[in-house]
Amino acid sequence: MPHALRIAGRCALALSLVILFISCRPSSEVASDKVVRVNLGTEPPSLDWSVATDHVSFNVIANLMVGLTEFDRDLKPGPVIARSWDVLEGGKRIVFHLRDDVLWSDGKKVRAQDFEYSWKRLLHPKTASEYAYILFDIVNAEAFHRGKIDDHRLLGVTAKDDRTLEVRLRHPASYFLSITTFEVTYPQRQDIIERYGAKWTEPENIVTNGPFLLASWKHEDEIQLRANPRFFLGRPAIERVDMYMINEKTTALALYEQGRLDFLDNHSIPIFEKPRLVKHEGFRSVPQLRGYYYGFVTDRKPFDDARVRKAFALAIDRTVFPKILHGGEEPATSWIPPGMLAHNVEIGVRYNPAEARRLLREAGYPDGKGFPQVTLGYNTDEDHKIVAEAIQGMWKQNLGVLVRLENQEWKVYLSKLQSDPPHIFRLGWGADFPDPDNFMRLFTSLSGNNNTRWKNRRFDELVDLAAREWNTQKRVQLYNEAQKILCETDLPIIPLFTTAESTLLRPRFAGLEYNSMSRLVLRDVRLKNSQ
Amino acid sequence: MSRQNEAEEQRRQRGQRALLLLSLAFIAAVTLCGFLAPLLSPYSPAGLQEGRILEGPSWSHWLGTDGLGRDLFTRILYGARVSLTVGIGTALIALIIGSLYGLISGYSGGPLDSLLMRIVDVVYSLPDLLIFILLSLLLGRNIAGVLLALGLVSWVRFARIARGQVLQAKEFVYVEGARAIGASHLRIIMRHILPNIAGPILVTLTFSIPAAILAESTLSFIGLGINDPYSEWGTSWGTLAQDGWRAMRTYPHIILFPGLAIFFTILSFNYLGNGLRDILDPKGK
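Since we're looking at a predicted model, the values are computed, not measured.

Colleague: Explanation requested: the nonpolar core in the structure shown.
Modeller: Across soluble globular proteins, you tend to see nonpolar side chains buried next to one another. Residue and element names in this part refer to chain A. Counting 79 residues, the largest nonpolar core has W119, F176, I223, M243 and L522 as the members making the most contacts within it. A per-element tally of this core places helix α3 (residues 112-123) first, with 6 residues. When sequence neighbours within four positions are dropped, the list of residues in contact with I223 reads L40, P44, L47, V60, L214, S216, W217, V241, D242, M243 and M245. A313, F321, W395 and V401 belong to the second-largest nonpolar core, a separate cluster that totals 49 residues.

Shown next, in the form of structure tokens:
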């Protein structure tokens, strides 16, 4: 009976897929005491910190390397390789004084020249780094990146000697120190990169200076880090970190519960399991500097009308999100996230269905009548789907407008946002460095990541003024005004909530936490009984 | 045949008939419930109830609620429309394309037959799931797109069966007789061949429906199925199951009930097919 056979065949296929899922697990060796096993979720696209753009890559790099500064608990940049720094000429010149005792993994000392080389490499047009713009405040950086200047000696970054790095800026940039906490500004070894080319990040070639060394990298499978005995802040308490690449949340959770993984994060915990896992001893929820928003494409009907955009924003009840996502999300009406300078809960529009209906009527669509067919896009993911369906329901109920949902895989979705964006799109933004400039500059006219096509000269001006202002109070005022344009009058976006990272750590360990910038910091992990 | 064997055979037949009737009744009930869903359930398939998220079965929500507090029973009722429409619609599309194709191929014979059958061989050898995925991406993720995508893949089975039956029927004496007295091709096909091959094709049709339901569920499960909770059509069972599988360990009801709906419906269609074959095509047993 061929039909029955085919059905049986399909069942067999499904079964074998399940078995395949289950068998895609880390090798079943017994964990030694001082090994922490974490799940990265996917293969890091690049371990070259001039090229990497995603948090999976940065989560590995952040444990291999240290830079000039890192931020403390209050998100202020504190010294690491830089012993101290002088801010001169009203903030236009910054001189970093480097420590003398930081070693590369091959025994050489970390020098100011390594920073100069790395920053110039980041800016070089050939590197084609997506993060080159982060250093555009440096004199001639933008022209160099665009190929208008060939001579790298004209750039405003110079190693005066082995221990002194001088940075000259086009204008005072109050957030520049924060930028030096970001992985893309970490030093690099010219000799290594020139010798090995694109293969310099392979474990047999790479030279690093951080708490861990890259011991092995089985692509699409596993990365192993080994404690760096020569790390200048002291050897980490654990010997080894195994980083797996299991992209199925359910599988990762099952592995944790079988004792084959020691640490899970949002990429490894299915949302519906969170209410159960909250009760576990090792569960933490860490608020992130990461905003989740819906953007409108503002140069097309019907969202070229600010009243329509505001009506859609007023019709969303944000209190629902923590209830359906179960992960400690914080509803947000304004854009700069809590924990960052100039965060202001007062700004933004709140749930008001009556006012929403009034505005929609005023814009010519009473009770949603005559409203054109619009599409809400998101990248395929269960969290985004559940949020989209909830909001679709609120708009239907409060405005009488039924939006269509459409989802694509992340890469397809990103390219679609450029070529043929849906009327409303979902995106998130995580802080690269903990300064409001990083969040607000996103929606300026020149930002490559501003998918709303919204341009507001006053907003651009305010963001620029705030960037040059060293007085904190004045900066906050400028950002308040800019946020009011963004979240109250013009509303090219609807901020929805700031996310939290849920993590689960096997209770025999302590000290492993995400920081608020979504970085996995393994340096301080230790066994609980060996304090 | 001994009397004992006869009695056993009768019992067996009675049992089969009961199963057939039960299956028919189940299919009728599911169809009816699906299309009368708005009358049967006080809830909307899309109604968000933030206070009742992820509840287990209770008096007010017979099958519990999902991650947005939507009533699962209501969603399954609405889902029945999608899954049954996809099942029956796909099978019909396949039936029309496949039977015509097989009829032409078998009746014409010769090199045309060989050519047409080689094409069928090629289509048959393509991996179904891959073609579903490609076509459903091309045709869009709505009910029409999925119907067409599945229909365009599953017609080959009908083509083969129809051709085989036509080849047999062509050789029957009465067809030869009809040809001898000068009946037209159309008349021969319509009056003499079609009635003779209808039985096996109908049986194939009954087996195609559950296969299509399963295929749509598979598509939904990998995230390419029908999901439009606010349209009249709603969300298919496969998508409901997909929603639930990550919650399987803590909230098993979200995947269990849609899964059971798929399971019993497919089982019923298979029993129905078996029963029909016994009646219409006793030789093919």
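Colleague: Could you clarify how one ought to interpret a nonpolar patch on the surface in this entry?
Modeller: Residue and element names in this part refer to chain B. Judged by side-chain polarity, L19, L22, F26, L256, L260, F263, F264, L267 and Y271 come together as a nonpolar surface patch covering roughly 780 Å² of accessible area. Per element, the largest residue contribution to the nonpolar patch is 6 residues, and it comes from helix α10 (residues 253-280). One can find L22 in helix α1 (residues 3-35). With relative accessibility at 60%, the residue L22 sits in the exposed group.

Colleague: Explain the side chain of A:T201 here, please?
Modeller: Residues and elements named next belong to chain A. For T201, the location among the structural elements is in the loop between α6 (190-196) and β8 (212-218). The class for T201 is buried, based on a relative accessible area of 8%. Leaving out residues up to four positions away in the same chain, T201 has contacts with L47, D48, I206, L214 and W217.

Colleague: What is the right way to look at the interface of chain A and chain B in this model?
Modeller: Often the size quoted for an interface is simply the accessible area lost on bringing the parts together. Between chain A and chain B, the residue contacts involve 31 residues of the former and 31 residues of the latter. Across the chain A/chain B interface, buried area totals approximately 3,000 Å², and carbon plus sulfur atoms make up 54% of it. Where chain A packs against chain B, one counts 6 salt bridges. Measuring nitrogen to oxygen at the nearest pair gives 3.2 Å for the salt bridge that ties A:E248 to B:R246. Where chain A touches chain B, the interface holds 7 residue pairs in polar contact (both at pLDDT 80 or more). The element contributing the most residues to the side of chain A that touches chain B is helix α12 (residues 382-399) of chain A, with 8 residues. Here the side of chain A that touches chain B is built from residues that sort into 12 nonpolar, 7 polar and 12 charged.

Colleague: Where do I start with the packing of aromatic side chains in this structure?
Modeller: All names here are of chain A. For the coordinates displayed, the defined rule picks out 32 aromatic pairs over all chains. When the ring of W49 is compared with that of W200, the centres are 5.3 Å apart and the planes differ by 75°; the resulting orientation is edge-to-face. Placement of W49 in the loop between β1 (35-39) and α2 (55-64) and of W200 in the loop between α6 and β8 is noted, with a sequence separation of 151 residues between them. Owing to a relative accessible area of 0%, W49 belongs among the buried residues under this scheme.

Colleague: Mind showing me how you'd approach the sheet that holds strand β7 (residues 164-168) of chain A here?
Modeller: Residues and elements named next belong to chain A. If you trace the 4 strands from one edge of the open sheet to the other, you get β4-β5-β7-β6, paired in antiparallel fashion. Single-partner strands in this sheet number two, and they are β4 (82-88) and β6 (157-161). Averaged over all pairs of adjacent strands, the angle between their axes in this sheet comes to 20°, without regard to strand direction. The sheet contact formed by strand β5 (residues 93-98) and β7 spans 5 bridges and is antiparallel.

Colleague: Would you mind showing me how to read helix α16 (residues 472-489) of chain A here?
Modeller: Note: α-helices contain 3.6 residues per turn, so residues at a spacing of three or four share the same orientation. Residue and element names in this part refer to chain A. For α16, spanning 18 residues, the distance from its first C-alpha to its last is 25 Å, which sits close to the expected 26 Å at 1.5 Å a residue. Those residues of α16 that fall on the buried side of the exposure criterion are R475, L478, Y479, N480, A482, Q483, I485, L486 and C487. In this structure, the buried side of α16 is in contact with α14 (436-440), α15 (457-468) and β17 (493-505). Residue N471 occupies the N-cap position of α16, its side-chain oxygen lying 2.9 Å from the main-chain nitrogen of Q473. L491 sits one or two residues past α16 and shows a positive phi near 45°.

Colleague: How should I be thinking about the domain arrangement of chain A in this particular structure?
Modeller: Residue and element names in this part refer to chain A. Segmentation of chain A into domains returns domain 1 (64-193) and domain 2 (288-500). Centre-to-centre separation of domain 1 and domain 2, based on C-alpha positions: 33 Å. Of the residues lining the interface, 17 residues belong to domain 1; the matching set on domain 2 comes to 15 residues. Its largest share of buried area at the contact with domain 2, domain 1 owes to L75, S174 and Y175, together 42% of the area lost on that side. Put simply, domain 1 and domain 2 have 4 residue pairs in polar contact (both at pLDDT 80 or more) between them. Residue composition of the side of domain 1 that touches domain 2, by class: 11 nonpolar, 6 polar and no charged.

About the criteria used
Residues numbered from 1 in each chain as written. Chains lettered and ligands numbered in written order. Predicted model: local features only at pLDDT ≥ 70, side-chain atom pairs only at ≥ 80, totals over all residues. Heavy atoms only, no water. Core = buried A, V, L, I, M, F, W, Y, C linked by side-chain atoms within 4.5 Å. Buried < 20%, exposed > 50% of the residue type's maximum accessible area, 1.4 Å probe, protein only. Helix = DSSP H or I, 4+ residues; strand = E, 2+ residues; numbered from the N terminus. Contact = heavy atoms within 4.5 Å. Patch = residues over 30% accessible without salt bridge, like charges linked within 9 Å, V, L, I, M, F, W, Y side chains within 5 Å. Areas by Shrake-Rupley, 256 points an atom, 1.4 Å probe, with all protein chains shown as cover. Salt bridge = Lys/Arg side-chain N within 4 Å of Asp/Glu carboxyl O. Buried area = accessible area lost by both parts, 1.4 Å probe. Polar contact = N/O pair within 3.5 Å; in protein donor to acceptor, adjacent residues only side chain to side chain. Nonpolar A, V, L, I, M, F, W, Y, C, P; charged D, E, K, R; others polar. Phe/Tyr/Trp six-rings, centres within 6.5 Å; stacked < 30°, edge-to-face > 60°. Pairing = 2+ DSSP bridges. Axes fitted to C-alpha atoms, helices over the stretch in contact; angles between N-to-C directions. Expected span 1.5 Å × (residues − 1). Domains from an automatic or database assignment.

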